[in-house]
Amino acid sequence: MANPQLKLAQTLQGVAEGVGNIAADVGIVANMPALANANEMNAGIQQLLVQMREFREQMRQVQEQLGELRRQGSHLPVLLHNSTRGLDGRLAYPNDVDRENLPETRADLYHMDAMACRQAAAALALPALRGRSSMKRKRNQIAEYLGVKRME
């Protein structure tokens, strides 16, 4: 999507430069109508270029939001599955996650030590908790991400 927009922007920039060159060449003759029209056309093209840049930025933001919605949508089955698991029920994980260092059950999650919490948080790409975090807080972060009932 960016290539056609970029090509159009470059073409319009070339047209604007060409119009500017023509205006400069014709500028020798004072009060020439072609010069006024060329300047108006150049200003219009410059405004169009600014609007295209703004549109590209808006499209980038929309694409980021769509990516986040897709990620959340693909995570929904994991949340639904895990929310109904008992203490010994097998936990589900997103397909793209390496399960090597992750708890198999809710009971395993509640008994994780500091190293296991760090490894799980890294494997799940969870953000770092601010300040000193208790083990309960670390486990709850993982549980919340997985849709597991929080520890009380």
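As a reminder, the structure under discussion sits directly above these lines.
Asks: Pulling in residues and values, what's your account of the packing of helix 4 (residues 114-123) against helix 5 (residues 135-146)?
Replies: Viewed as axis vectors pointing N to C, helix 4 and helix 5 meet at an angle of 30°, and their least axial separation amounts to 10 Å. Relative to helix 5, the element helix 4 lies roughly parallel. Two packed elements cross with a definite hand, and for helix 4 against helix 5 that hand is left-handed. Between helix 4, through A114, C117, A120 and A121, and helix 5, the contact on the second element is made entirely by M135, K138, R139 and I142. Its residues assigned to classes, the contact of helix 4 with helix 5 shows 6 nonpolar, no polar and 2 charged.

Asks: Quick rundown of the environment of M135? Include the residues and the values.
Replies: With respect to the element layout, M135 can be found in helix 5. A residue is classified by how much of its surface remains accessible, and M135, at 24% relative accessible area, is partly exposed. Sequence separation of M135 and C117 is 18 residues, and the distance between their C-alpha atoms is 8.0 Å. Beyond its immediate stretch of four places on either side in the chain, M135 contacts M112, D113, A114 and C117.

Calculation notes
- Residues numbered from 1 in each chain as written.
- Predicted model: local features only at pLDDT ≥ 70, side-chain atom pairs only at ≥ 80, totals over all residues.
- Heavy atoms only, no water.
- Axes fitted to C-alpha atoms, helices over the stretch in contact; angles between N-to-C directions.
- Helix = DSSP H or I, 4+ residues; strand = E, 2+ residues; numbered from the N terminus.
- Parallel < 35°, antiparallel > 145°, perpendicular 65-115°, else oblique.
- Left-handed = near helix turned anticlockwise from the far one by under 90°.
- Contact = heavy atoms within 4.5 Å.
- Nonpolar A, V, L, I, M, F, W, Y, C, P; charged D, E, K, R; others polar.
- Buried < 20%, exposed > 50% of the residue type's maximum accessible area, 1.4 Å probe, protein only.

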